[in-house]
Amino acid sequence: MTKYWDKKSEEEIKEIVFNAIAKNVNYDEQKVLGLPASYLDKNVFNHDAAFLKDAPFLSTLIKNPNHIGCHTLGASESYFAGTQEIEKDLIKICAHDILRGEDDEYDGYVASGGTEANLQAIWIYRNYFNQVKGLKNEEICIITSDDNHYSMDKAGNVFCLPVQKAGVSDNGRFISEESVQAAVDIQKAKGVKAFIVVANMMTTMFGSVDEPEFYSTVLERDGLDYFIHVDGAYGGFYFPFSQKEHHLDFRNPKITSVTLDAHKMAQAPYGTGIFVIRKNMMKYANTKEASYVEGEDSTLIGSRSGANAVAVWMILSKYGPYGWMEKIFILQKRTTWMCEQLDKLKIKYYRHPSSNIITIKSEFVTPELAKKYGLVPDSHNAPKWNKIVIMDHVTIERLSELIEELK
């Protein structure tokens, strides 16, 4: 049962968003002289177009609210308090109703994407181990699976941390206790004392899912400090609805933070990654030098568009929880249909049963066919796999065309 997420009519959505905009600063009517910000340039963007009265997202874009900071922490820039409330409501929906967190036990914000949200987690945990445990960077390691998103390698580079991969099975794409132990042993031998675990909630290439208990079992047995972050950049708006029982949300006390990415399965505008973390952890990313910012800033990105938060909130409010469940149900059925057709042709592929990604062995797909249907390879240099992602536009009619050519 959801507490904060409900279905709203078009009129209700418009009323809430326009009321929020009205609570923000009005540069035309208020004596605001010190903000290095304004609405979008009127010489380029028409503020008086008649359609804007029925376009809350576009109106928010034009009003250009800056959502700098993390609004769940308390004080934020009061000039944009109206649309900040919508972002806070969005974080409640994600943390409580989707990720099963408890009330007032989380912080979060809308980031520039899943990569930034993942980097935010690594930044916080690195700083914690530096400041609280007195560890050097070379004593802290990011550990994830071989199927991880490249943002983990980027995080290792940016924050000067080693990155270690745990092997996955070729057919099931699963990590194992043995593969995690082997990865941990490599870094222990180099003097690593703490690990930042990144568990996958549907990988980008395979839609595969990690069992976080393999990480915690090994690390606790070896007496090592750790945090577990869940990379749900792809699966955050899908997997919780296709598989009810799992260990990758806040019901699991060993999970500290989660990334969701609304510009994938939620079909939001780009720039709508979402970062959610348990209380009392955002402080390790606080930049006190941002003293001119009301409430200071604990985010990697700094200034960011409030319109992006409004867009995601509008999408979730339009569907409501049951409408969203139905959307995922349809995509699951469509994915299963495609798998049945591939089975009939004896084509080898991988699909996690709760995923809408089908990754086909490249030996069954010619380069010409992959290009014609936009099948994404695991490597553009020497592909071993090509994937299909069953989105709203990937209909059975379109899939059947590919099946005919595969025959």
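Residues numbered from 1 in each chain as written. Predicted model: local features only at pLDDT ≥ 70, side-chain atom pairs only at ≥ 80, totals over all residues. Heavy atoms only, no water.

A. Main features of the overall build of the protein. Along the backbone of the protein there are eleven helices and eleven strands. Taken along its principal axes, the extent of the C-alpha atoms in the protein is 65 × 55 × 40 Å. The 407 residues of the protein split such that 56% are buried. Once local pairs closer than 6 in sequence are excluded, the contacts in the protein between residues at least 24 apart make up 71%. As displayed, the protein has an accessible area near 18,500 Å², and 51% of this comes from carbon and sulfur atoms. Of the side-chain charges in the protein, 46 are positive and 55 negative, and the distance between the mean point of each set is 2 Å. (Helix = DSSP H or I, 4+ residues; strand = E, 2+ residues; numbered from the N terminus. Buried < 20%, exposed > 50% of the residue type's maximum accessible area, 1.4 Å probe, protein only. Contact = heavy atoms within 4.5 Å. Areas by Shrake-Rupley, 256 points an atom, 1.4 Å probe, with all protein chains shown as cover. Lys, Arg positive; Asp, Glu negative; His and termini not counted. Charge placed at Lys NZ, Arg CZ, Asp CG, Glu CD.)

B. Inspection of the pattern of salt bridges at higher detail. Throughout the structure, instances matching the rule amount to 26 salt bridges. Here Glu 11 and Lys 14 are joined by a salt bridge, their closest N and O atoms 3.1 Å apart. Linking Glu 11 with Lys 14, this pair stays in helix 1 (residues 10-23), spanning three residues, or about one helical turn. Classification of Lys 14 as buried rests on a relative accessible area of 12%. Between Lys 254 and Glu 213 there is a salt bridge, and its shortest N-O distance comes to 3.8 Å. Placement of the pair is Lys 254 in the loop between helix 8 (239-242) and strand 6 (255-261) and Glu 213 in helix 7 (residues 212-221), with a sequence separation of 41 residues. By relative accessible area, which is 26% here, Glu 213 ends up partly exposed. What emerges from the salt-bridge pattern is a single network uniting Glu 11, Lys 14, Lys 53 and Asp 54. (Salt bridge = Lys/Arg side-chain N within 4 Å of Asp/Glu carboxyl O.)

C. View of helix 7. Restricting attention to buried positions, one finds in helix 7 the residues Pro 212, Tyr 215, Ser 216, Val 218 and Leu 219. Structurally, helix 7 contributes buried residues whose contacts are with strand 2 (140-145), strand 3 (163-166), helix 6 (177-188), strand 4 (194-200), strand 5 (225-232) and strand 6. One side-chain oxygen of the residue at the start of helix 7 lies 3.0 Å from the amide nitrogen of Glu 213, identifying that residue as Glu 211. In the stretch just after helix 7, Gly 223 is the one whose phi turns positive, near 70 degrees. (Polar contact = N/O pair within 3.5 Å; in protein donor to acceptor, adjacent residues only side chain to side chain.)

D. Layout of the packing of aromatic side chains. Per the stated rule, a full pass over the model turns up twelve aromatic pairs. The interplanar angle of 85 degrees and the centroid separation of 5.2 Å between the aromatic rings of Phe 206 and Trp 385 together place this pair among those described as edge-to-face. A residue pair is termed long-range when its members are at least 10 positions apart, and Phe 206 in the loop between strand 4 and helix 7 and Trp 385 in strand 11 (residues 385-389) qualify at 179 residues. Between Tyr 319 and Trp 324, the ring centres sit 5.0 Å apart and the planes meet at 85 degrees, which makes this aromatic pair edge-to-face. (Phe/Tyr/Trp six-rings, centres within 6.5 Å; stacked < 30°, edge-to-face > 60°.)

E. Fine view of the sheet that holds strand 7 (residues 273-278). Strands sit in the order 1-7-6-5-4-2-3 across an open sheet of seven strands; the sheet is mixed. Only two strands of the sheet have a single neighbouring strand rather than two, namely strand 1 (106-111) and strand 3. Shown here is a sheet whose adjacent strand axes are inclined to one another by a mean of 20 degrees, direction ignored. Relative to strand 6, strand 5 runs parallel, the two sharing five bridges. What sits directly across from Asp 231, in strand 6, is Thr 259. (Pairing = 2+ DSSP bridges. Axes fitted to C-alpha atoms, helices over the stretch in contact; angles between N-to-C directions.)

F. Structural view of the sheet that holds strand 11. Strand order in the open sheet formed by four strands is 8-9-11-10, and the pairing between neighbours is antiparallel. Two strands close off the open sheet at either side, each with one partner strand: strand 8 (349-350) and strand 10 (376-377). By the bridge criterion, two bridges tie strand 8 to strand 9 (residues 357-361) in an arrangement that is antiparallel. The partner of Tyr 349 across the bridge, within strand 9, is Ile 360. Where helix 9 (residues 306-344) meets the sheet, it contacts strand 8, strand 9 and strand 11, and its direction lies at approximately 20 degrees from that of strand 9.

G. Fine view of the nonpolar core. Leu 90, Phe 195, Phe 237, Ile 274, Val 276, Trp 324 and Ile 388 are the most contacted members of the largest nonpolar core, which has 85 residues in total. Of all the elements, helix 9 adds the most residues to this core, at 15 residues. Beyond its immediate sequence surroundings of up to four residues, Val 276 is in contact with Cys 94, Ala 95, Leu 99, Tyr 106, Asp 107, Gly 108, Phe 250, Thr 256, Ser 257, Val 258 and Leu 260. With 29 residues, the next largest nonpolar core counts Tyr 125, Tyr 128, Ile 140 and Phe 227 among its residues. (Core = buried A, V, L, I, M, F, W, Y, C linked by side-chain atoms within 4.5 Å.)

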